[in-house]
Amino acid sequence: MGATHLPSTEFEGTEVDDQLEAEAEAALGEPPAEMVQLLGPDGKLGSDSVFSEYADRLDAETLRGFYADMAAIRRFDQEATALQRQGQLALWVPLTGQEAAQIGSGRASQPQDYIFPTYREHGVALTRNVDLAELLRQFRGISNGGWNPKDTNFHLYTLVLAAQTPHAVGYAMGIQRDQRLAEARRAESQGVEAQGADGSAEPKAAVMVYFGDGASSEGDVHESMVFASSYKAPVVFFCQNNHWAISVPTAVQTRIPLSNRAKGYGFPGIRVDGNDVIAVHAVTEWALEHARQGNGPVLIEAFTYRVGAHTTADDPTKYRESSEEALWRTKDPLERLEKYLRAEDMADDAFFKQVAADGDELAAYIRKSTYDADAPDIRTAFANTYVEAHPLVAEELAWFEDYSAGFAGEETAEGAGH
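Below or above, wherever it landed, is the structure these notes cover.

What counts and what doesn't
Residues numbered from 1 in each chain as written. Predicted model: local features only at pLDDT ≥ 70, side-chain atom pairs only at ≥ 80, totals over all residues. Heavy atoms only, no water. Buried < 20%, exposed > 50% of the residue type's maximum accessible area, 1.4 Å probe, protein only. Helix = DSSP H or I, 4+ residues; strand = E, 2+ residues; numbered from the N terminus. Right-handed = clockwise from strand over helix to strand, strands pointing away. Pairing = 2+ DSSP bridges. Axes fitted to C-alpha atoms, helices over the stretch in contact; angles between N-to-C directions. Left-handed = near helix turned anticlockwise from the far one by under 90°. Contact = heavy atoms within 4.5 Å. Nonpolar A, V, L, I, M, F, W, Y, C, P; charged D, E, K, R; others polar. Phe/Tyr/Trp six-rings, centres within 6.5 Å; stacked < 30°, edge-to-face > 60°.

Among the seven residues in strand 4 (residues 235–241), seven count as buried, and that is most of the element. Since strand 3 (residues 207–212) and strand 4 lie parallel, the crossover through helix 9 (residues 219–231) that links them has a hand, and here it is right-handed. Across six bridges, the pairing between strand 4 and strand 8 (residues 298–303) is parallel. By the bridge assignment for strand 8, Q240 is matched with A302.

Viewed as axis vectors pointing N to C, helix 3 (residues 60–85) and helix 6 (residues 132–140) meet at an angle of 35°, and their least axial separation amounts to 12 Å. The element helix 3 and its partner helix 6 pack so that their crossing is right-handed. Touching I73, F76, A80 and L83 of helix 3 are L132, L135 and L136, all from helix 6. Its residues assigned to classes, the contact of helix 3 with helix 6 shows seven nonpolar, no polar and no charged.

Evaluated as defined, the whole model comprises 24 aromatic pairs. Centroid distance W147 to Y157: 5.4 Å. Interplanar angle 85°. Geometry classified as edge-to-face. Linking W147 in the loop between helix 6 and helix 7 (149–152) with Y157 in the loop between helix 7 and helix 8 (164–190), this pair joins segments that are 10 residues apart in sequence. Accessibility expressed as a relative area gives 7% for W147, which makes it buried. For Y157, a relative accessible area of 7% corresponds to the buried category. An angle of 5° between the planes, with centres 5.1 Å apart, marks the rings of Y305 and W328 as stacked. Residue Y305 is found in the loop between strand 8 and helix 13 (322–329), and its partner W328 is found in helix 13; the two are separated by 23 residues along the sequence. Across the pair, exposure class does not vary: Y305 and W328 are buried alike. By the ring-pair criterion, three or more aromatic residues cluster together here, those being F76, W92, F139, W147, F154 and Y157.

Without other data, these values stay purely geometric and don't point to any function.
In structure tokens, the structure reads:
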């Protein structure tokens, strides 16, 4: 990509810098990886020769919306964590610290784009109008998914690492072929020579697929990038580098910035400050435009940090220093945007008070919806195994009915005893 390197970001000269990356780049004769950053932790907006143009399009209302979204999803995350601790969810996957990477990228997408998440993209789900109460159904164990992807173009969560990346590329190749076919038919009906997908009157669509730094080591990601590059599929690979693949640090996953991997596949790779919602939005908007225009895939590495645990079954104090977490808290995505909004007179105390109230209202809705959620009849599992009736499934269902009936007398006796 050729974005200008910002000579002074908060990542330079700190212990966060990965010395292994610098050594590997020196050995390869490569310049240091460029980090696209527009809004620093001090709340001051910088400039970039490529991406400032995109940032300039954002008005005050949009920026306030970014803050409201990030605050809402953080409050949701806190409530979901509490629900899991109280036994209402089997597991929860926190996102705190990664709000800017998710809200910035999600808001850069358009309705016709299709999104493939992994299992932590709750903020992206919010931007795609997924009902967050439905999102919790899978973690409560009462649904195989929770929402209908066709309603929002936001796919179901994928719990198997990187499994969604080949699906995303295949879907993108399908979009590509559908557009070409539609253009050919349009041209034929008008008696003119087909001009290719770019001549279609329909809005162009792209695919965006999310994965983490740990998943980047999976073969699925490599194979997906090979196919995407070979066929110039309209797909954006969005890697949230949150520095920890459970207990394995990024330095073990790669000796160079993950964004540099795109070079080996022949398409652009961009590293962006994942705690800067303005820069993330700008970079993602550019990447999706690039893909929609038929120029092929893009890899975005959002350099961010998982402040909390990998899941509620994890204890990060066992594998990382508290000083590291404290350092990253100084780069908080919400705080830096709040500083900017206040400094530019785009938001006042009343706005932030209302955002907090809205967050509490969302949390109350989530809690009530979770408690009120009905568990499905287990018989639906038998009914949904195959499209058509299957004799083996019917036999198993009959056994289950027989087995369940054996407890009827016990329930009656217990009731009489009380």
